[in-house]
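# Per-entry structural report
Residue-level listing of the chains:
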Amino acid sequence: MNYNNLVYETDGPVATCTFNRPKALNALNTETMDELAHVISDFKSDNSLKVLILTGSGDRAFIAGADIKGMVGRPPLSARWLSEHGTKILRELETIGKPSIAAVNGFALGGGCEVAMACSIRLASTNALFGQPEINLGIIPGYGGTQRLARLVGAGRALEILMTGDPVNAEEAHRIGLVNKVCEPDALMDEARTLAGKLASKSKPAIELILQAVHGGLEGGLDEGLTLETEKFGLVYSTEDSQEGLSAFIEKRPADFQDR
Ligand code: DAK
């Protein structure tokens, strides 16, 4: 499939989706969100693909936000639909059962920060800038920003970022736990591919169970989460990979996972 606003490529088990509207600093219009939904569905259904990298084209922006030009003058019900639609797409990305990596190469503002936060892991170049500036437009985040930011960095810092609209540079984003690692701009995609390769080398069902346990556990209290982990722990023993991994350790050889 040809996309107007994205470039979608695969290389072995790793897929890369590049947001590609450089004239609008890769801002997310409705068409881009629909294309992203298609990419996620394709990535989900292709069993040979294990990790998805999301990045932005050019060297200025990951995504500068939802496309402000498409947000003006919407009636409330239409704005609500837009939020629901985008939220569903990002929730699908988050709960797909395969890891995603945001390689943030510049502005990650508003909807851009929200896309990055829906990924499993965030890498940032030194020139990355994160923020939820919706407050400066007189609105609030609509793609999960109030929820995921508070979960990632805690309510106090999240409220400051959300209510001031002030951007956070890569170093500060790393310090507060919004990003996992900061790299030089030239090294960002190599780092992302190396990390993707490492995740792809693991047992696919075990990775899926980790994602389900973490995301499912965040929904409820500690006891519910611990019960969920216990269930997943039992389940992982039904995989051939678990026997292979344990045997490989005893036999002092590398594990040869078959994703079963
Ligand atoms: N939307 C549309 N166009 C954008 C854009 C955006 N978010 N950001 C940049 N552009 C466009 C600019 O209009 C400009 O296009 P031309 O005027 O040349 O045609 C081009 O990209 C280059 O931008 P600048 O000329 O402004 O470049 P600068 O280096 O001077 O500034 C900047 C870069 C990123 C600081 C600045 O462009 C900027 O402040 N952009 C807006 C950032 C922002 O506020 N982002 C958050 C958007 S609000 C919801 C669903 C989702 C959301 C909310 C509600 N519901 C449905 C309820 C999410 C909201 C957002 O994301």
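First, a word on scope: everything that follows refers to the structure included in this document. (Residues numbered from 1 in each chain as written. Predicted model: local features only at pLDDT ≥ 70, side-chain atom pairs only at ≥ 80, totals over all residues. Heavy atoms only, no water.)

## Examining the overall build of the protein
Tallying secondary structure elements over the protein gives 10 helices and 10 strands in all. Taken against the 2.2 N^0.38 rule, which gives 18 Å for 260 residues, the C-alpha radius of gyration of the protein at 19 Å falls within 12% of a compact globule. Along the first, second and third principal axes, the C-alpha set of the protein runs to 65 × 40 × 35 Å. Within the span of the protein, comprising 260 residues, buried residues form 45% of the whole. For the protein, the share of sequence-separated contacts (at least 6 apart) that also reach a separation of at least 24 residues comes to 69%. When the accessible surface of the protein is summed, it comes to about 13500 Å², and 55% of that surface belongs to carbon and sulfur atoms. Of the side-chain charges in the protein, 25 are positive and 34 negative, and the distance between the mean point of each set is 1 Å. (Helix = DSSP H or I, 4+ residues; strand = E, 2+ residues; numbered from the N terminus. Rg over C-alpha atoms; globule rule 2.2 N^0.38 Å. Buried < 20%, exposed > 50% of the residue type's maximum accessible area, 1.4 Å probe, protein only. Contact = heavy atoms within 4.5 Å. Areas by Shrake-Rupley, 256 points an atom, 1.4 Å probe, with all protein chains shown as cover. Lys, Arg positive; Asp, Glu negative; His and termini not counted. Charge placed at Lys NZ, Arg CZ, Asp CG, Glu CD.)

## Some thoughts on the sheet that holds strand β2 (residues 14-19)
Adjacent strands of a sheet pair through backbone hydrogen bonds, lying either parallel or antiparallel. Ordered in space as β1-β2-β3-β5-β7-β10, the 6 strands form an open sheet in which the pairing is mixed. On the outer flanks of this sheet lie β1 (6-11) and β10 (181-183), each paired with one strand and no other. The sheet shows a mean angle of 20 degrees between the axes of neighbouring strands, taken without regard to direction. Inspection of the sheet shows β2 paired to strand β3 (residues 51-56) by 6 bridges, in the parallel sense. Across the sheet, the residue bridging to Ala15 is Leu52, located in β3. (Pairing = 2+ DSSP bridges. Axes fitted to C-alpha atoms, helices over the stretch in contact; angles between N-to-C directions.)

## Structural notes on the sheet that holds strand β4 (residues 61-63)
Taken together, the 4 strands give an open sheet; going across it, the order is β4-β6-β8-β9, and neighbouring strands pair in mixed fashion. The two strands at the open ends of the sheet, each matched to only one other strand, are β4 and β9 (168-169). Here strand β6 (residues 107-109) runs beside strand β8 (residues 129-131); their pairing, made up of 3 bridges, is parallel. In the sheet register, Ala108 faces β8, and the bridge partner there is Phe130.

## Structural notes on the site of the ligand
The local shell around the ligand holds 26 residues, among which Arg60, Ala64, Ala66, Ile68 and Gly111 are the closest. At 2.4 Å from an oxygen atom of the ligand is found a side-chain nitrogen or oxygen belonging to Arg60. In this structure, Lys69 approaches the ligand through a side-chain N or O atom, which is 3.4 Å from an oxygen atom. When the free accessible area of the ligand is taken as 1100 Å², the share hidden by the protein chains comes to 65%. Of all the secondary-structure elements, those providing two or more residues to the shell around the ligand are α2 (76-94), β6 and α3 (111-118). Considering every element that reaches the shell around the ligand, the biggest residue donor is α2, with 3 residues. (Near = heavy atom within 4 Å. Polar contact = N/O pair within 3.5 Å; in protein donor to acceptor, adjacent residues only side chain to side chain.)

## Side note on the pattern of salt bridges
Here the structure, examined in full by the defined rule, presents 13 salt bridges. When the shortest N-O distance is used, the salt bridge between Arg175 and Glu172 registers 3.0 Å. Placement of the pair is Arg175 and Glu172 together in helix α6 (residues 170-175), with a separation of 3 residues, close to one helical turn. For Arg175, a relative accessible area of 55% translates into the label exposed. In this structure, a network of salt bridges that share partners links the residues Arg91, Glu94, Arg148 and Glu219. (Salt bridge = Lys/Arg side-chain N within 4 Å of Asp/Glu carboxyl O.)

## A few points about the layout of surface pockets
Counted as a void, the largest pocket has a volume near 650 Å³. Taken together, 27 residues make up the lining of the largest pocket; nearest its centre are Arg91, Glu94, Arg148, His215 and Leu218. Among the elements of the structure, α2, β7 (121-125), α4 (145-153) and α8 (204-219) are those that each provide at least two residues to the lining of the largest pocket. For the lining of the largest pocket, the element with the highest residue contribution is α8, accounting for 7 residues. The space that makes up the second largest pocket amounts to roughly 510 Å³. Taken together, 22 residues form the lining of the second largest pocket, with Ala66, Met71, Glu134, Ile139 and Ile140 sitting closest to its centre. Going through the elements one at a time, α2 and α3 are the ones with two or more residues in the lining of the second largest pocket. Counting residues per element, the lining of the second largest pocket draws most heavily on α2, which supplies 3 residues. For the lining of the second largest pocket, the residue count by class is 14 nonpolar, 5 polar and 3 charged. (1 Å grid on protein atoms, 1.4 Å probe; cavity = no way out; pocket = protein on both sides within 12 Å on 5 of 7 lines; lining within 4 Å. Points joined across faces, edges and corners; volume = space filled by probe spheres on them. Nonpolar A, V, L, I, M, F, W, Y, C, P; charged D, E, K, R; others polar.)

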